[in-house]
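So the chains spell out like this:
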Amino acid sequence: MVSFLAIYFIPESGAKVSVELDCGDSATTLRSCYDSADQIDKCKVSSLSDSSGNSTATCEMSCGMTSPKMWQTVCEHWHIPKYCYSDARHIDYTAFINNVHANDSCVYMASNKVILDGFSYVPSCRVGSGYVDINEPCSLDCDNQNLANLIGSNEANMTCLDKMLNFRVCNNNTQDLANITGDSYSKCQASCELAPHAPWRLMEICEGWGADAAQTCRPGTPEPLPASLAFTGTVTLNTFMAEHKCVYVHLKQIQLEDGSIHYPYCGSKAAYQIGDELFHSTCDITCNNEMVNELFKSASESHADDSTQYSMQFWLFFLLMIISWVGQAVVVTFADAICFNLLGTKISLYGKQRLWGSVGFGLFSLLTGVLIDAFSSGAVKNYTVAFVLMFVFLCGDVLVSCYIKVESTRMSVNMMADIGSLLTSLPTVVFLLWTVAVGLCTGLIWQFLFWHIEDIAGLSCDGAAYVKTLQGLASAIQTFGGEIPFMFVSGHVIQKFGHTNTMSLVLFGFGVRFLLYSVVTDPWWILPIEMFQGITFGMFYPTMTSYATVVSPPGSETTVQGLVGAVFEGVGSSLGSFIGGRLYAAYGGWNTFLYFGIGALVACAVHALAQLALGRRAHLDADRGYTSVIKYGQENDTVHILEEINDAS
């Protein structure tokens, strides 16, 4: 019980989900690429893209900033000047004056072209609507003598007028003003001072001019550069789209840790820039929308290799599952032995006792599945309710077990000799091989049936919403429609047809069941197929345990039950899980069940031929060390077994 509960407290995988930053349609986008386009969940993408226009998701992001190109992106496109240009104190460039006019004793010299660091730009600017005029002082050296005389030792101020760069000079000399007004063409060397601790001024200049390529506009953040930039991003859900093997979504805005909000636009790059020169920084991301998280997480996992799967969480889960299954095997072995001890010679009633375990399994599988769906959002399920229910009922099991008193009146004189003589019997070997074959099939169902149901449900876009409820219904039908009725009549069936024929019937049932799984494409058609659970488990388990009990030398019943349980779960089920896992990974669920179905039918035929070859003879002689002689394969072999046990006692 402790090991099962400890599984709940295994920490989540430390694997981080990451996306890349990209630029599309003048907006920063998040890009997450899969290993192949077939792995993209088109249903999730379609569901998100159909969201209302104002639907958003908030994502906590941390982007790697070790690349200067990423800092350039932040400075030039994201309007976050505090990270850029902090060491810039001035800017030098050549301005071409094309018009001069006077207003209120001041002259405004308009420029239509500037050259900065060897690149030519149109000196556009922004003012109003939240933008503030730069208004920085500049010294001008113009080749037009009238302009030079007007400016003299005065400084001209950069300003924005009619969305173009202007230099404003205020001078009371009206004659100088009259000499230069009108169209006047001149080239001036400008050296402008920039106020310290106001990096937004240089940013406004660079963005207004589109001067991304100029060295002056490159990031100038003092060393050391921060390794990452953390912020809260808001994505617009209806902008989700899938293209090739990647999914994209627009990053609407970002909020820094200081509370400031910025809009991460990325304008068209200049013609002289290489297309992928900016962006493509990798960011760790966690969003408050489960569907968005699932898309990004699936993309990251699609690139994972085998080495990354064996994490600390995997080995913790592996260890706890081993301990749990060891404990469960011991409990099942002792429970079956105790049950047969209490039944005495009424072995055929075992099925009627065992069916109550199926009643509990069916009821609470359905209840747990419904509750998990109710407490979960999207395809990522919350299993807390399952662990809570398990803890409550395991405590009840422990309490009831403390009050069960069983006395064994039979003891084996030589346990090793009795078990050894049993294992040398050829029919017993055939029985153990049959147990392994059934274990192979059962292991596949235990580990991969629900996985297969999820794959089938994934064929439709609404499958994730009801898949756990469907799995709960499947478990309920397995028990109430299959196990319980067949366990109730198992004693009569075994008496009527014998252990041998029942064993062959179980393998045949597995073959048909698996073949049906291999062709179903509607998840709800799984439910009627689960009726086969009556044959493949409701008949199998009483057949296996009752046969193990009746062939056990007196006093060795628990040991033989443990041996058979080890062969069934330790060998058969384990191999079925391993082989099924390899096939499932390589060929998918449909083909895996097809291959196992064919194998089960072949095993059924081989088992029937083996029993025919044995000639329906008794498989244990009276001189094997104990008195029970099994007339294996007779139609009423159980009756003979019980009669001989009664005679021997």
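Residues numbered from 1 in each chain as written. Predicted model: local features only at pLDDT ≥ 70, side-chain atom pairs only at ≥ 80, totals over all residues. Heavy atoms only, no water.

## Observations regarding the overall build of the protein chain
Part 1: Tallying secondary structure elements over the protein chain gives 18 helices and 15 strands in all.
Part 2: In the protein chain, which comprises 649 residues, the proportion classed as buried is 45%.
Part 3: Nonlocal contacts in the protein chain, meaning residues at least 24 apart in sequence, comprise 77% of its contacts between residues at least 6 apart.
Part 4: Carbon and sulfur atoms make up 60% of the accessible area of the protein chain, which amounts to about 31,500 Å² in all. (Helix = DSSP H or I, 4+ residues; strand = E, 2+ residues; numbered from the N terminus. Buried < 20%, exposed > 50% of the residue type's maximum accessible area, 1.4 Å probe, protein only. Contact = heavy atoms within 4.5 Å. Areas by Shrake-Rupley, 256 points an atom, 1.4 Å probe, with all protein chains shown as cover.)

## Digging into the packing of helix α2 (residues 42–49) against helix α7 (residues 290–302)
Part 1: The interhelical angle for the contact between α2 and α7, taken along N-to-C directions, is 140°, at an axis separation of 10 Å. It follows that α2 is oblique to α7 by the angle criterion. As α2 runs across α7, the sense of the crossing is left-handed. Together, K44, V45, S47 and L48 of α2 and M291, V292, E294 and L295 of α7 make up the contact between the two elements. (Axes fitted to C-alpha atoms, helices over the stretch in contact; angles between N-to-C directions. Parallel < 35°, antiparallel > 145°, perpendicular 65-115°, else oblique. Left-handed = near helix turned anticlockwise from the far one by under 90°.)

## Structural notes on the pattern of salt bridges
Part 1: Following the criterion strictly, the structure yields 5 salt bridges and no others.
Part 2: Note that K44 is salt-bridged to D41, the shortest N-O span being 2.7 Å.
Part 3: Residue K44 is classed as buried on the basis of its relative accessible area of 16%.
Part 4: Overall, D41 belongs to the partly exposed group, its relative accessible area being 27%.
Part 5: For E530, the salt bridge goes to R513, with nearest N and O atoms at 2.8 Å. Within this pair, whereas E530 is found in the loop between α15 (526–529) and α16 (533–550), its partner R513 is found in helix α14 (residues 463–517), the two being separated by 17 residues in sequence.
Part 6: Under the relative-accessibility criterion, E530 is labelled buried at 0%.
Part 7: Sharing partners across several salt bridges, the network here consists of E20, D22 and R31. (Salt bridge = Lys/Arg side-chain N within 4 Å of Asp/Glu carboxyl O.)

## A few points about helix α13 (residues 426–457)
Part 1: The end-to-end C-alpha separation of α13 is 46 Å, in line with the 46 Å expected for 32 residues at 1.5 Å each.
Part 2: If you look at α13, its biggest bend is around 50°, right at F448. (Expected span 1.5 Å × (residues − 1). Bend = angle between axes of the 7 residues up to and from the residue.)

## Side note on the packing of α13 against α16
Part 1: Viewed as axis vectors pointing N to C, α13 and α16 meet at an angle of 150°, and their least axial separation amounts to 12 Å. One finds that α13 runs roughly antiparallel with respect to α16. Of the two elements, α13 crosses α16, and the hand of that crossing is left-handed. Counted together, P427, F431, W434, T435 and V438 of α13 and F540, T543, M544 and Y547 of α16 form the full contact between these two elements.
Part 2: Residues that form the contact of α13 with α16 fall into these classes: 7 nonpolar, 2 polar and no charged. (Nonpolar A, V, L, I, M, F, W, Y, C, P; charged D, E, K, R; others polar.)

## Remarks on the side chain of R31
Part 1: In this structure, R31 sits in strand β2 (residues 27–33).
Part 2: Among the polar contacts made by the side chain of R31, one reaches the side chain of E20 at a distance of 2.6 Å. (Polar contact = N/O pair within 3.5 Å; in protein donor to acceptor, adjacent residues only side chain to side chain.)

## Things to note about a negative patch on the surface
Part 1: Residues D92, D117, E155 and E193 make up a contiguous surface patch of negative charge.
Part 2: Looking at the secondary structure, you find E155 in the loop between α4 (145–151) and β8 (156–161). (Patch = residues over 30% accessible without salt bridge, like charges linked within 9 Å, V, L, I, M, F, W, Y side chains within 5 Å. Lys, Arg positive; Asp, Glu negative; His and termini not counted. Charge placed at Lys NZ, Arg CZ, Asp CG, Glu CD.)

## Focus on the pairing of strand β5 (residues 106–116)
Part 1: Within β5, 8 of the 11 residues are buried, leaving the element largely enclosed by the surrounding structure.
Part 2: Here strand β4 (residues 90–103) pairs with β5 via 9 bridges, running antiparallel. Its bridge partner being in β5, A102 is matched across the sheet by V107.
Part 3: In this antiparallel pair of consecutive strands, β4 and β5, the connection spans 2 residues, and D104 shows a positive phi of 55°.
Part 4: Here β5 pairs with strand β9 (residues 164–170) via 5 bridges, running antiparallel. Within the sheet, the bridge partner assigned to V107 lies in β9 and is V169. (Pairing = 2+ DSSP bridges.)

## Concerning a nonpolar patch on the surface
Part 1: The grouping of L363, F364, L367, V388, F391, V392, F393 and F480 at the surface amounts to a nonpolar patch, some 690 Å² of accessible area in total.
Part 2: Elements represented by at least two residues in the nonpolar patch include exactly α10 (350–374) and α11 (384–401).
Part 3: Ranked by residue count, the leading element in the nonpolar patch is α11, at 4 residues.
Part 4: With respect to the element layout, F391 can be found in helix α11.

## Quick notes on the environment of Y547
Part 1: If you trace the backbone, Y547 turns up in helix α16.
Part 2: For Y547, a relative accessible area of 0% gives the class buried.
Part 3: Along the sequence, Y547 and H499 sit 48 residues apart, while their C-alpha atoms lie 7.4 Å from each other.

## Points about the nonpolar core
Part 1: Among the nonpolar cores identified, the biggest contains 58 residues, and F431, W434, V438, F510, F514, F540 and M544 are the most heavily contacted of them.
Part 2: Of all the secondary-structure elements, those providing two or more residues to this core are α9 (312–343), α10, α12 (415–423), α13, α14, α15, α16 and α17 (557–613).
Part 3: If near-sequence neighbours (up to four positions away) are discounted, M544 is found in contact with F431, W434, T435, V564 and F568.
Part 4: V114, C142, L165 and C206 belong to the second-largest nonpolar core, a separate cluster that totals 34 residues. (Core = buried A, V, L, I, M, F, W, Y, C linked by side-chain atoms within 4.5 Å.)

## Notes on the environment of A548
Part 1: Turning to its location among the elements, A548 is positioned in helix α16.
Part 2: With relative accessibility at 1%, the residue A548 sits in the buried group.
Part 3: Sequence-distant contacts of A548, that is, excluding residues within four places in its chain, are made with V560, Q561 and V564.

## A short note on the environment of I254
Part 1: Positionally, I254 belongs in strand β13 (residues 246–256).
Part 2: Note: C-alpha distance between I254 and C59 (195 residues apart in sequence) is 9.3 Å.
Part 3: When near neighbours in sequence (up to four residues on either side) are disregarded, I254 contacts W78, I80, F231, T232, G233, S260, I261, H262 and P264.

## As for the packing of aromatic side chains
Part 1: Counted by the stated rule, this structure contains 26 aromatic pairs.
Part 2: Ring geometry for Y93 against W209: centres 5.0 Å apart, planes inclined by 80°, an arrangement best described as edge-to-face. Of this pair, Y93 sits in strand β4 while W209 sits in helix α6 (residues 200–209); the two residues are 116 residues apart in sequence, bridging distant segments of the chain. Exposure class is identical for Y93 and W209. Each is buried.
Part 3: Each ring, one from W315 and one from F318, has its centre 5.6 Å from the other, and the planes form 85°; the classification is edge-to-face. Remark: F318 and W315 occur in helix α9; sequence separation between them is 3 residues, near one turn of the helix. (Phe/Tyr/Trp six-rings, centres within 6.5 Å; stacked < 30°, edge-to-face > 60°.)

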